[in-house]
Amino acid sequence: MSLFTPFKLGSITIPNRIGMSALTRNRSTATVPNEIMQKYYVERALGGAGLIVTEGTLITRQGTEWPQAPGIWDPAQVVGWKKITDAVHEAGSKIYCQIWHLGRVSHPDAPEQIAAGVPVYAPSAISARGGKFRFLPGHPGYVTPTEVPDPTTIIAQFKQAAINAKEAGFDGVELHGANGYIVAQFLDSTANKRTDKWGGSPENRARFALDTLKALIEVFGPDVSIKISPAGGYNDVGMPLQETIDTFGYLLREANKLGLSYVTLVRYSAASDPEIDGKKRATEHDVVATFSPFLTNTPVFVNCGVTPAEAEQLVNSGTAAGVFFGFSWVTHPDVGKRIKAGKELDNVPNFAHLYGAVGVDPALGYVDYPGM
Ligand code: PHB
């Protein structure tokens with residue numbers, strides 16, 4: 001088995017094992033996907049991505065720190081995405097929509113949250129420490145959210161997003177269960193202090209993720225996946241090791257029965273575990289070794305800091321069905337082709353234009369990286 005052996009992923013076949021992970025780029029027209037995004041995704045489809053996962057795509061109006069993150073709750077967004085999925089398919093690749101709800105790390109003063117007319121909902125009324133709403137006056141941090149009275153209302157929004165994603169021509173959906181967003185907030189005992197069936201035991205904290213996956217499967221059948229980061233401290237989550245194993249082990253044991261197309265295991269990285277009050281937040285451990293044994297029936301994709309040589313080894317040894325590269329796809333439109341050709345990933349990052357901003361040419365640092 002090599003990185004370039006095609007793989008049956010749910011109901012589709014991907015041409016190779018090199019995925020492009022979700023990457024926030026903040027280039028939509030407000031929240032509507034547009035032509036420059038199409039250009040960006042098509043460049044990467046042509047550049048040898050076996051599977052593209054979109055940037056985090058909002059399932060409902062939320063006060064995100066990225067005012068130009070795309071959504072998938074509105075017909076205009078579906079029209080925009082349909083052009084992109086058609087073009088990616090034309091270019092020979094496949095594309096999943098990463099569906100995203102931020103929970104407590106939304107801001108009530110952001111225009112979309114105001115337009116939504118609902119509070120910032122989260123599992124419990126516990127603020128994440130930190131925050132970076134750079135586009136709001138005073139650059140405020142996170143706020144204390146409102147405990148969502150009935151979590152099934154958000155599960156229904158995820159399901160509607162999947163219905164919309166299907167209409168938009170996506171090959172599947174990846175539930176964003178990583179990096180301290182709403183699914184991770186429900187899983188995490190420091191963010192979720194509920195006393196009803198959605199909080200407390202690992203079973204109860206995993207209920208939101210599992211019920212959401214089941215709702216997505218009603219729409220997409222075998223083309224549903226989840227990304228998790230058990231060793232991630234981003235957005236102020238993280239539990240002691242035994243509790244992490246109990247929680248994510250339960251989640252994966254149950255998820256393994258659902259016939260998911262893949263699970264992405266995000267490894268520990270110091271960069272995704274920023275210090276809070278002078279301390280690292282997460283519990284560093286070997287995520288792949290700890291959690292892949294639970295996935296006897298589910299392909300594993302490994303993400304975070306994977307090098308091309310290591311990717312080949314992970315697939316060759318059967319440790320992973322595939323890998324996701326992240327930042328390399330920002331700076332190279334043709335990661336897959338370069339790896340195949342044995343060429344270095346040596347483009348120089350344009351950090352100043354990593355994220356788009358209103359009034360700045362969106363092409364800069366986006367669709368101007370050279371192919372090999
Ligand atoms: C970010 O926009 O900074 C971001 C979004 C989603 C992630 C991680 C980081 O999973």
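Everything below is about the structure printed above this text.
These notes cover the structure that comes with them. Computed from a prediction, not measured in an experiment: that's the story for all the values here.

### Here's the deal with the nonpolar core
Moving on, step 1. In terms of nonpolar packing, the biggest core is built from 85 residues, with Tyr41, Ile72, Ile99, Phe158, Phe170, Phe208 and Leu216 touching the most fellow members.
Moving on, step 2. Per-element tally for this core: the top contributor is helix H6 (residues 202-220), with nine residues.
Moving on, step 3. Aside from chain neighbours lying at most four places away, what touches Phe170 is Thr54, Ile72, Trp81, Thr85, Ile95, Tyr96, Cys97, Ala165 and Phe220.
Moving on, step 4. Among the nonpolar cores identified, the runner-up in size contains 12 residues, and Leu9, Ile12, Ala22 and Leu51 belong to it.

### Quick look at empty space enclosed by the protein
Moving on, step 1. Within this structure, the stated rule accounts for one cavity of 30 Å³ or more.
Moving on, step 2. Taken as a whole, the largest cavity holds about 80 Å³ of empty space.
Moving on, step 3. Forming the walls of the largest cavity are 14 residues, and the residues nearest its centre are Asp188, Ser229, Gly232, Val237 and Phe248.
Moving on, step 4. Of the residues in the lining of the largest cavity, the class split is seven nonpolar, six polar and one charged.

### Quick notes on the packing of aromatic side chains
By convention here, two paired aromatic rings are described through the distance between centres and the angle between planes.
Moving on, step 1. Taken as a whole, this structure holds 17 aromatic pairs when the rule is applied.
Moving on, step 2. Ring geometry for Tyr96 and Tyr262: centres 5.5 Å apart, planes at 45°, overall tilted. One end of the pair, Tyr96, is in strand E6 (residues 95-100); the other, Tyr262, is in strand E11 (residues 262-266), and 166 residues separate them in sequence.
Moving on, step 3. Classification of Tyr262 as buried rests on a relative accessible area of 0%.
Moving on, step 4. Relative to Tyr142, the ring of Phe133 has its centre 5.8 Å away and its plane inclined at 85°; by these criteria the two rings are edge-to-face.
Moving on, step 5. A relative accessible area of 0% places Phe133 in the buried class.
Moving on, step 6. Tyr142 gets classed as buried once you look at its relative accessible area, which sits at 12%.

### Some thoughts on helix H7 (residues 241-255)
Residues spaced three or four apart along an α-helix face the same direction, because each turn holds 3.6 residues.
Moving on, step 1. With 15 residues, H7 should reach 21 Å at 1.5 Å per residue; the first-to-last C-alpha distance of 20 Å fits that figure.
Moving on, step 2. Every buried residue belonging to H7 is among Thr244, Thr247, Phe248, Gly249, Tyr250, Leu251, Leu252 and Ala255, and all of these are buried.
Moving on, step 3. Contact partners of the buried residues in H7: helix H5 (182-187), H6, strand E10 (224-228), E11 and helix H8 (287-291).

### A few points about the layout of surface pockets
Moving on, step 1. Computed from the structure, the largest pocket encloses a volume of approximately 1000 Å³.
Moving on, step 2. Taken together, 34 residues make up the lining of the largest pocket; nearest its centre are Ala22, Leu23, Asn179, Ser272 and Tyr355.
Moving on, step 3. Secondary-structure elements contributing two or more residues to the lining of the largest pocket are E6, strand E13 (322-325) and helix H10 (327-331).
Moving on, step 4. For the lining of the largest pocket, the class distribution of residues is 17 nonpolar, 12 polar and five charged.
Moving on, step 5. Empty space within the second largest pocket amounts to approximately 200 Å³.
Moving on, step 6. When residues of the lining of the second largest pocket are assigned to their parent elements, the largest contribution, three residues, is made by helix H4 (residues 152-167).
Moving on, step 7. A class-by-class count of the residues in the lining of the second largest pocket yields eight nonpolar, eight polar and two charged.

Here is what the cut-offs are and how they apply
Residues numbered from 1 in each chain as written. Predicted model: local features only at pLDDT ≥ 70, side-chain atom pairs only at ≥ 80, totals over all residues. Heavy atoms only, no water. Core = buried A, V, L, I, M, F, W, Y, C linked by side-chain atoms within 4.5 Å. Buried < 20%, exposed > 50% of the residue type's maximum accessible area, 1.4 Å probe, protein only. Helix = DSSP H or I, 4+ residues; strand = E, 2+ residues; numbered from the N terminus. Contact = heavy atoms within 4.5 Å. 1 Å grid on protein atoms, 1.4 Å probe; cavity = no way out; pocket = protein on both sides within 12 Å on 5 of 7 lines; lining within 4 Å. Points joined across faces, edges and corners; volume = space filled by probe spheres on them. Nonpolar A, V, L, I, M, F, W, Y, C, P; charged D, E, K, R; others polar. Phe/Tyr/Trp six-rings, centres within 6.5 Å; stacked < 30°, edge-to-face > 60°. Expected span 1.5 Å × (residues − 1).

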